[in-house]
Amino acid sequence: SYNVLIHALCRKPDVSAALDAVHLMEKIGVSPDIITFNSLLDGFHNSGRNDEAEAVWEMIKERNMEPDAKCYNAKLRGLVAHGRIDDAAAVLERLEKDGPKPDTVSYNELIRGYLKAGRLQEAKKLYDDLAKNHCAANKGTYETLVPHLLQAGDLDCALRYCYEMFSG
């Protein structure tokens, strides 16, 4: 029930109240879990409060929890939203090397960032890395990439991606 409340407050967005709910949980003896912290990270990053999100990361560490890919996806979204593409790329690189294993959403966030920054070649390379890293492109991947490829006049690549999308 607390996770539902925290998630709703983060979507409102009233992340300060959501953080208060976590403190209330702990005060009455209910331990927050990784889902709780995923909601908080999403809330802080989506509302542009990346610095405050770092306090949530500290809370995770203090409780000896292991952040999952969803935690890192929130961080990637926040970095991309603020144009910090190279920082986002470093996070993804660290995940590939040290874990937790990034998922398709992780790659899609950085692909979106590269495209937003006009770095189409890097987005295409990252798309190619998806399969190498045991992830599969999804609807979001193609919806993000194909329009940019068409706009750039890279019709052969756009067509190849469409074939891959429909054959997968």
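These remarks concern the structure in this document. All figures in this text were calculated on a predicted structure; none of them were measured in a lab.

Conventions and cut-offs
Residues numbered from 1 in each chain as written. Predicted model: local features only at pLDDT ≥ 70, side-chain atom pairs only at ≥ 80, totals over all residues. Heavy atoms only, no water. Patch = residues over 30% accessible without salt bridge, like charges linked within 9 Å, V, L, I, M, F, W, Y side chains within 5 Å. Areas by Shrake-Rupley, 256 points an atom, 1.4 Å probe, with all protein chains shown as cover. Salt bridge = Lys/Arg side-chain N within 4 Å of Asp/Glu carboxyl O. Helix = DSSP H or I, 4+ residues; strand = E, 2+ residues; numbered from the N terminus. Phe/Tyr/Trp six-rings, centres within 6.5 Å; stacked < 30°, edge-to-face > 60°. Buried < 20%, exposed > 50% of the residue type's maximum accessible area, 1.4 Å probe, protein only. Contact = heavy atoms within 4.5 Å. Core = buried A, V, L, I, M, F, W, Y, C linked by side-chain atoms within 4.5 Å.

## A few points about a nonpolar patch on the surface
At step 1: Where nonpolar side chains cluster on the molecular surface, the patch consists of Leu-24, Ile-28 and Val-30 and spans about 240 Å² of accessible area.
At step 2: For Ile-28, the location among the structural elements is in the loop between α2 (15–27) and α3 (34–46).

## Things to note about the packing of aromatic side chains
At step 1: Applying the stated rule across the entire model yields 3 aromatic pairs.
At step 2: Ring geometry for Trp-57 and Tyr-72: centres 4.9 Å apart, planes at 50°, overall tilted. Of this pair, Trp-57 sits in helix α4 (residues 50–62) while Tyr-72 is found in helix α5 (residues 69–81), placing the two residues 15 residues apart along the sequence. Here the two residues Trp-57 and Tyr-72 agree in accessibility, since each one is buried.
At step 3: Consider the rings of Tyr-127 and Tyr-161, whose centres lie 4.0 Å apart with planes at 35°: the pair is tilted.

## Regarding the environment of Asn-108
At step 1: Structurally, the position occupied by Asn-108 is in helix α7 (residues 104–116).
At step 2: Take Asn-108: its relative accessible area is 13%, and that puts it in the buried class.
At step 3: For the pair formed by Asn-108 and Asn-73, sequence separation is 35 residues and the distance between their alpha carbons is 9.5 Å.
At step 4: Dropping the residues within four chain positions of it, Asn-108 is found in contact with Asn-138, Gly-140 and Thr-141.

## Some words on the nonpolar core
At step 1: Core analysis: the largest hydrophobic core is formed by 47 residues, its most contacted members being Ile-6, Leu-40, Leu-41, Leu-110 and Tyr-161.
At step 2: Filtering out sequence-adjacent residues up to four positions away, Ile-6 remains in contact with Ala-18, Ala-21, Val-22, Met-25, Thr-36, Ser-39 and Leu-40.

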